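Coordinates in review
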Amino acid sequence: IRIIAFVAALAIVPALSPATERPEKEDDPIAAKVFPPELVMKHQGPIGLTDRQMESIKNEIQKTQSKILDFQFQIQKEVAKLVSLLDSRPVDEERVLAQADVVMSSETRIKKTHLAMLVRIKNLLTVEQQAKLEQLREAAAESVEAVSNP
């Protein structure tokens, strides 16, 4: 039951984590330094994830989900205002750009919230668990590369 609850919590992760199990792009040095929750869950056995760590990760995901949902509702509201401003004739460039700043600020809050979750998850893992996940991620990248470039 505990694993089912954890998996259910991970159902929201695709919306939170653009880098799932796929290997990170070489041009994304940040993604290479953190561990998405679905990667941790997939390899929970090999890395020796404890019940306490699993519960903590689940809590981090739930807190992040809640915050991001709030931000998404706020962004929708602010985007509607921006669209309305763009519908006016003539378009008031100063007001449009000010509203665009509001929208982009909300988008930045989502990214920061997501990054904070990834940092907290990394900090919940031991150095050994992190090293094992890095090995598993590298092996997956090599496997994908071998299939892509026979």
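Residues numbered from 1 in each chain as written. Predicted model: local features only at pLDDT ≥ 70, side-chain atom pairs only at ≥ 80, totals over all residues. Heavy atoms only, no water.

**Overview of the overall build of the chain**
Helix and strand counts for the chain stand at 7 helices and 0 strands. Listed by position from the N terminus, the elements making up the chain come as α-α-α-α-α-α-α. The buried share of the chain, taken over its 150 residues, is 35%. When the accessible surface of the chain is split by element, carbon and sulfur atoms take 57% of a total near 9700 Å². (Helix = DSSP H or I, 4+ residues; strand = E, 2+ residues; numbered from the N terminus. Buried < 20%, exposed > 50% of the residue type's maximum accessible area, 1.4 Å probe, protein only. Areas by Shrake-Rupley, 256 points an atom, 1.4 Å probe, with all protein chains shown as cover.)

**Some remarks on unusual backbone geometry**
Note on backbone geometry: most residues besides glycine have negative phi, and most peptide bonds are trans. The omega angle of the peptide bond from Arg89 to Pro90 is -10°, so this bond is cis rather than trans. With respect to the element layout, Pro90 can be found in the loop between helix H5 (51-87) and helix H6 (93-124).

**Concerning the packing of H5 against H6**
In the contact formed by H5 and H6, the axes pass within 9 Å of each other and the chain directions differ by 175°. Taken together, H5 and H6 sit at an angle that is classed as roughly antiparallel. (Axes fitted to C-alpha atoms, helices over the stretch in contact; angles between N-to-C directions. Parallel < 35°, antiparallel > 145°, perpendicular 65-115°, else oblique.)

**A word on the confidence of the model for the chain**
On average, the chain scores 84 in pLDDT, and the residues at 70 or more come to 78%. In the predicted structure, residues 1-24 sits below a pLDDT of 50 and forms 46 contacts with residues beyond four places in sequence or in another chain. (pLDDT = per-residue confidence, 0-100. Contact = heavy atoms within 4.5 Å.)

**Comments concerning the nonpolar core**
Counting 14 residues, the largest nonpolar core has Phe35, Val40, Ile47, Leu49, Ile57, Leu125 and Leu133 as the members making the most contacts within it. Counting residues per element, the ones that place at least two in this core are helix H3 (37-42), H5 and H6. Those residues in contact with Val40 that lie beyond four places of it in its chain are Phe35, Ile47, Leu49, Ile57, Ile121, Leu125 and Leu133. (Core = buried A, V, L, I, M, F, W, Y, C linked by side-chain atoms within 4.5 Å.)

**Describing H6**
Over its 32 residues, H6 extends 46 Å from the first C-alpha to the last, a length consistent with the 46 Å expected when each residue adds 1.5 Å. Three or more residues of H6 are buried, namely Val96, Gln99, Ala100, Val103, Ser106, Ile110, Thr113, His114, Met117, Leu118 and Ile121. The opening residue of H6, the one whose side-chain oxygen lies 3.2 Å from the backbone nitrogen of Glu94, is Asp92. (Expected span 1.5 Å × (residues − 1). Polar contact = N/O pair within 3.5 Å; in protein donor to acceptor, adjacent residues only side chain to side chain.)

**As for the pattern of salt bridges**
Going through the model one piece at a time under the given rule, you end up with 4 salt bridges. Residue Lys81 pairs with Glu78 through a salt bridge whose shortest N-O separation is 3.6 Å. Highlighted residues: Lys81 and Glu78, both in helix H5, separated by 3 residues, approximately one helical turn. Owing to a relative accessible area of 6%, Glu78 belongs among the buried residues under this scheme. What you see here is one network of salt bridges that share partners, running through Glu60, Lys63 and Arg120. (Salt bridge = Lys/Arg side-chain N within 4 Å of Asp/Glu carboxyl O.)

**Digging into the environment of Glu128**
Here Glu128 is to be found in helix H7 (residues 127-148). With relative accessibility at 60%, the residue Glu128 sits in the exposed group. As a C-alpha pair, Glu128 and Gly48 span 80 residues in sequence and 9.5 Å in three-dimensional space.

**With respect to the environment of Ile57**
Mapped onto the secondary structure, Ile57 falls in helix H5. Take Ile57: its relative accessible area is 0%, and that puts it in the buried class. Considered as a pair, Ile57 and Met117 are 60 residues apart in the sequence and their alpha carbons are 8.8 Å apart.

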